[in-house]
Structures are given as C-alpha cells and as structure tokens.
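# Per-entry structural report
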Amino acid sequence: MKSMDLRDNETEIEKLSQMLSKIQNLYYKKKEQLEELQIEISELREVLTFLNSLISNQSFQSADKIYSKSLQELEKKSAEEEYFVKEIPKERVEGTNIKRKIFSKGDDKESILLCILNFMDFNKVEIKLIDPMDRSIRETSEDFITIFLRGALLKIKDNNPDLDLEYEHYKNSKLIERIIISNLKSIQEFDLITSKMRELLAKEINS
C-alpha cells in the first residue's frame, strides 16, 4: 500500500510540475505582451502630444478654415503624409523626443532591455546599446552591415543625401555603444531604423 501511495504521490507531483511549467510560460508570455503594449502606448502618447502641439500652434486660425484646409489636403495625401513625410519647420518640432525601447524575447525568462532609441526634434536619432559587451556589435560585422547599414541607412540616404552617421565605442574597444544619426526628415525613417535595429539585435541573440 505504501508503495502504491508513493507512486500516486510521484504522479501527482509530476502533474503539478507540468501545470506549474505551463502556467509560468503563460505568465511570462503575457508579461512580455504587456510590456510591448506599454511601449506602444507610450509611443502613441508622445505622437499625440506632438500632434496636439501642432494644432495648438495653429490655433489662431478659425475652426472652419482648419477644417476646410484639412479636406483639401486629404484629397492630395493622407494625414500621415501631411504630418510626418513632409519636412516640418524646425521651430515647430524643437524639444520633441520620441523614445522607443527594444527588449529581448524569451518564453522562459523575463525580457531584457537591449537598447533605447531617442528621436529628437524629428531630426536626430541616438541609439544607446545596453551592455555593449553582450551585444558585441561592431562596424565591420557582417550582420551590422547587411541588416542595419544596407537595410536601413543606405536606403534612407538614397532619398536623403544629408544623412549623417557617427559612432561612440565602448571603453576604447571596437564594440559600438552608441549610434548617432543626424539630418533625418520623417518619422518613417525613424520607423525603418527601429525595425532594422530590432532585427539586428534578434539576430545577434539567436546566433
């Protein structure tokens, strides 16, 4: 009887362990999804703040004039093109900053902050790599050249020859700690830079 009870206990413990593992995996997945949603909400809040500032700067116009102008513009281009593709006067974007964070993705552990991107004055992006020793990103690495330089910066430079790039290295090593990209002209360029940096970091982690 004791032997049967022992086997029953072992079976129950095994079942409970499997259940615990499944719940832990679900917990971390949900936590990661929540973190990503919080980042997206933060980005949307910053964009909304910027749009509100644009509208405030034009508040001297009457409401009917603004509405009429919007209708005319919608016939030619989308609202996104009006606010982000078109180059915006410097005095209307000075002091703005859109921050994005890139985290690692894992099912069995908490997400880790990999880098922070700051898009300042709709002109300059500063990319801060967290723990450069772990990221091991160099200017001459094949993935960096293929994914980030060719996949993002060279494409942007084709339409924006004024684009400028500089690096800051980690403790006099060849490891990149900070990337500074200047003379950007639209948020779409920032989106492409963010996307390719996310792809590069994912490749570095999985390699």
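Residues numbered from 1 in each chain as written. Predicted model: local features only at pLDDT ≥ 70, side-chain atom pairs only at ≥ 80, totals over all residues. Heavy atoms only, no water.

## A closer look at the environment of Lys171
Along the chain, Lys171 falls in the loop between strand E4 (164-169) and strand E5 (176-182). The spacing of Lys171 and Pro132 is 39 residues in sequence and 9.9 Å in space, taken between C-alpha atoms. Polar contacts involving the side chain of Lys171 include one to the side chain of Tyr170, which spans 3.5 Å. (Helix = DSSP H or I, 4+ residues; strand = E, 2+ residues; numbered from the N terminus. Polar contact = N/O pair within 3.5 Å; in protein donor to acceptor, adjacent residues only side chain to side chain.)

## Re the packing of aromatic side chains
The description of an aromatic ring pair uses the distance of the two centres, along with the angle that the planes make with each other. For the coordinates displayed, the defined rule picks out four aromatic pairs. Summarising the aromatic geometry, the rings of Phe119 and Phe122 are spaced 5.2 Å apart at their centres and angled 40° between planes, so their arrangement reads as tilted. Comparing Phe119 with Phe122 shows no difference in burial state: the two are buried. (Phe/Tyr/Trp six-rings, centres within 6.5 Å; stacked < 30°, edge-to-face > 60°. Buried < 20%, exposed > 50% of the residue type's maximum accessible area, 1.4 Å probe, protein only.)

## Some details on the sheet that holds strand E2 (residues 113-120)
Strand order in this open sheet of five strands is E1-E2-E3-E5-E4, and the pairing throughout is antiparallel. Either end of the sheet is taken by a strand with one partner, and the two such strands are strand E1 (97-103) and E4. Pairs of neighbouring strands in the sheet enclose a mean axial angle of 15°, with direction left out of account. Pairing of strand E3 (residues 124-129) with E5, which is carried by four bridges, proceeds in the antiparallel orientation. (Pairing = 2+ DSSP bridges. Axes fitted to C-alpha atoms, helices over the stretch in contact; angles between N-to-C directions.)

## What to know about helix H6 (residues 187-206)
Look at H6: 29 Å from first C-alpha to last across 20 residues, which is about the 28 Å you get at 1.5 Å a residue. Listed in full, the buried residues belonging to H6 are Ile187, Glu189, Phe190, Ile193, Thr194, Lys196, Met197, Leu200 and Leu201. (Expected span 1.5 Å × (residues − 1).)

## Describing the pairing of E2
Most of E2 sits inside the fold, with six of its eight residues counted as buried. Two strands pair when backbone bridges link them, and E1 and E2 are joined in this way by seven bridges, in the antiparallel orientation. Paired with Lys101 across the strands is Ile116, a residue of E2. The sheet contact formed by E2 and E3 spans six bridges and is antiparallel. Looking across to E3, one finds that Ile116 is bridged to Lys128. Hairpin connection of E2 to E3: three residues between the antiparallel strands, including Asp121 at a positive phi of 55°.

## Here we look at the nonpolar core
With 30 residues, the main nonpolar core has Ile127, Phe148, Ile181, Ile193 and Met197 as its most contacted residues. When residues of this core are traced back to their parent elements, those giving at least two are helix H1 (2-57), E1, E2, E3, helix H5 (142-159), E5 and H6. With residues near it in sequence (within four places) discarded, Ile127 still touches Cys115, Ile116, Leu117, Phe148, Glu177, Arg178, Ile179, Ile181, Ile193 and Met197. (Core = buried A, V, L, I, M, F, W, Y, C linked by side-chain atoms within 4.5 Å. Contact = heavy atoms within 4.5 Å.)

## Brief notes about the pattern of salt bridges
Pairs may arise between side chains of opposite charge once their charged atoms sit close together. Counting across every chain of the model gives seven salt bridges. Linking Arg178 and Glu168 is a salt bridge whose minimum nitrogen-to-oxygen distance equals 3.1 Å. Here Arg178 is found in strand E5, whereas its partner Glu168 is found in strand E4, with 10 residues between them in sequence. One network of salt bridges, with partners in common, ties together Lys124, Glu126, Glu168 and Arg178. (Salt bridge = Lys/Arg side-chain N within 4 Å of Asp/Glu carboxyl O.)

## Let's talk about the environment of Glu139
Topologically, Glu139 is positioned in the loop between helix H4 (132-135) and H5. Considered as a pair, Glu139 and Ile176 are 37 residues apart in the sequence and their alpha carbons are 7.3 Å apart. What Glu139 contacts, discounting residues up to four positions off in sequence, is Phe144, Ile145, Tyr167, His169 and Ile176. At a separation of 2.6 Å, a polar atom in the side chain of Glu139 contacts the side chain of His169.

By themselves, these figures tell us nothing about what the structure is for.
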